[in-house]
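These are the residues of each chain, in order.
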Amino acid sequence: MTLAGIVGLSAISLVLYVFGAICILKTDMLVERARRNYTNMKSKLIRRYTGSGMVMKSWYPTYLRIAGVVICLWALTIDCLVAFGKVR
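The model shown is predicted, which means the values in this text are computed figures rather than measured ones.

Peer 1: What's the story with the packing of aromatic side chains in this structure? I'm lost.
Peer 2: What characterises a pair of aromatic rings is the spacing of the ring centres plus the angle enclosed by the ring planes. Tallied over the entire structure, the rule returns two aromatic pairs. Ring plane angle 75° and centroid distance 6.3 Å describe the contact between Trp59 and Tyr63, whose orientation is recorded as edge-to-face. Among the residues examined, Trp59 registers a relative accessible area of 42% and is labelled partly exposed. On the accessibility criterion, Tyr63 (42% relative accessible area) is partly exposed. When the ring of Tyr60 is compared with that of Tyr63, the centres are 6.2 Å apart and the planes differ by 20°; the resulting orientation is stacked. Residue Tyr60 and its partner Tyr63 are located together in helix H4 (residues 60-83), separated by three residues, close to a single helical turn. Ring pairs connect the aromatic residues Trp59, Tyr60 and Tyr63, which therefore count as one cluster.

Listed below in structure tokens is the structure:
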């Protein structure tokens, strides 16, 4: 693997770690923002989509935390593949 490839995958991995950490550590902020945007939405078309009301469910914070863990695991997988030379 070239140096540019290593740097690129490391940057992607870093971004994934940041997003994962935000989902895990700042869950309340993300939930408040999503719920506020959903209630203040001017377009009723978006509300008609299946799953658009997910942000109003009581389990949404748990969903975000699990998504954060999965995102961090993907970043760890990328790091391991790069570190052990499995990516060409």
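There's more to say after this.
Peer 1: Can you walk me through helix H2 (residues 27-39) in this structure?
Peer 2: An α-helix turns once per 3.6 residues; consequently, residues spaced three or four apart project the same way. Between the first and last C-alpha of H2 there are 18 Å, a value that for 13 residues agrees with the 18 Å anticipated at 1.5 Å per step. Every buried residue of H2 is listed here: Thr27, Val31, Ala34 and Tyr38. Each buried residue of H2 lies within a common arc of 70° when the element is viewed along its axis, so the set occupies one face. Opposite the buried face of H2, at more than 90 degrees from it, the exposed residues are Asp28 and Glu32. Lining the buried residues of H2 we find helix H1 (3-25), helix H3 (44-47) and H4.

Basis of the calculations
- Residues numbered from 1 in each chain as written.
- Predicted model: local features only at pLDDT ≥ 70, side-chain atom pairs only at ≥ 80, totals over all residues.
- Heavy atoms only, no water.
- Phe/Tyr/Trp six-rings, centres within 6.5 Å; stacked < 30°, edge-to-face > 60°.
- Buried < 20%, exposed > 50% of the residue type's maximum accessible area, 1.4 Å probe, protein only.
- Helix = DSSP H or I, 4+ residues; strand = E, 2+ residues; numbered from the N terminus.
- Expected span 1.5 Å × (residues − 1).
- Arc of directions from axis to C-beta.
- Contact = heavy atoms within 4.5 Å.

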